[in-house]
Amino acid sequence: MWNERKVSRLTAVSNKAQTCENFIISGFPNLTQTKNSGPLISPAAKQRVVGLISSVEEEGGRIHLDGRNITVPGYENGNFVGPTIVEAVTTMRAYKEEIFGPVLVAIMADTLDDALAIINSNRYGNGTAIFTQSGATARKFEKEVEVGQIGINVPIPVPLPMFSWSGNKVPSRAFLNSTPRF
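Residues numbered from 1 in each chain as written. Predicted model: local features only at pLDDT ≥ 70, side-chain atom pairs only at ≥ 80, totals over all residues. Heavy atoms only, no water.

1. Examining the confidence of the model for the protein chain
Step number 1: Averaged over every residue, the pLDDT of the protein chain is 78; the share at 70 or more is 66%.
Step number 2: Note that residues 23-35 has pLDDT below 50 and, in this model, 16 contacts with residues that lie over four places away or in other chains.
Step number 3: Overall, residues 178-182 carries pLDDT values under 50, and its contacts beyond four positions in sequence, including any with other chains, amount to two contacts. (pLDDT = per-residue confidence, 0-100. Contact = heavy atoms within 4.5 Å.)

Listed below in structure tokens is the structure:
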């Protein structure tokens, strides 16, 4: 049964990757027609994100959708990284470090309690989402998860820049770097 569930989850991740891959192909003919994603802030930011994506394979994970080599016509030297989906474990750099790029890190768990333990042990506690048809599962998740933002059958909302940190644990690097010092 465990193998069947894991295969089903991996199939769902692969299907999402295929959807995103089609999205990339149709979404990046040029910047004037896309609202999907813009460039990263600098070549160093791109290099950091690409390095974190690459670390997933180096550490034994799997890249389901790879946005490292995306090219935007007319902006070939731009700082673009396309949507990326990786499967990792909690010991990998891609899980431990905030990526600050269009990367979804999927962590597999066998049970809801295992998933809650993974989420609650994360040092940032920014946000998480669950997609379920079970009201009991949704209620348990909502009551026991320890994060700043929770999505149930919807992705988590991304706060506006003036509310740059939505976690309930250790502030992110971005928050610490942008907070005024008095």
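That was the structure; now back to the text.
2. Brief notes about the pattern of salt bridges
Step number 1: Enumeration according to the criterion identifies six salt bridges in this entry.
Step number 2: The partner of Arg68 in a salt bridge is Asp66, with the nearest N and O atoms 2.5 Å apart.
Step number 3: Residue Arg68 is classed as buried on the basis of its relative accessible area, which comes to 15%.
Step number 4: We note a salt bridge from Glu97 to Arg93, for which the minimum N-O separation is 3.1 Å.
Step number 5: Relative accessible area serves as the criterion here: at 35%, Arg93 is assigned to the partly exposed category.
Step number 6: Where salt bridges share partners, they join Arg48, Arg93 and Glu97 into one cluster. (Salt bridge = Lys/Arg side-chain N within 4 Å of Asp/Glu carboxyl O. Buried < 20%, exposed > 50% of the residue type's maximum accessible area, 1.4 Å probe, protein only.)

3. Re the environment of Ser134
Step number 1: The topology assignment puts Ser134 in the loop between strand E4 (127-130) and helix H5 (135-144).
Step number 2: Take Ser134: its relative accessible area is 29%, and that puts it in the partly exposed class.
Step number 3: At 3.0 Å, the side chain of Ser134 and the backbone nitrogen of Thr137 are in polar contact. (Helix = DSSP H or I, 4+ residues; strand = E, 2+ residues; numbered from the N terminus. Polar contact = N/O pair within 3.5 Å; in protein donor to acceptor, adjacent residues only side chain to side chain.)

4. A short note on helix H2 (residues 43-58)
Step number 1: Over its 16 residues, H2 extends 22 Å from the first C-alpha to the last, a length consistent with the 22 Å expected when each residue adds 1.5 Å.
Step number 2: Considered for burial, the residues of H2 that qualify are Val49, Leu52, Ile53, Ser54, Ser55 and Val56.
Step number 3: Buried residues in H2 make contact with strand E1 (62-65), strand E2 (84-88), helix H3 (93-96) and strand E3 (103-107).
Step number 4: Immediately beyond the C-terminal end of H2, within one or two residues, lies Gly60, with a positive phi of roughly 95 degrees. (Expected span 1.5 Å × (residues − 1).)

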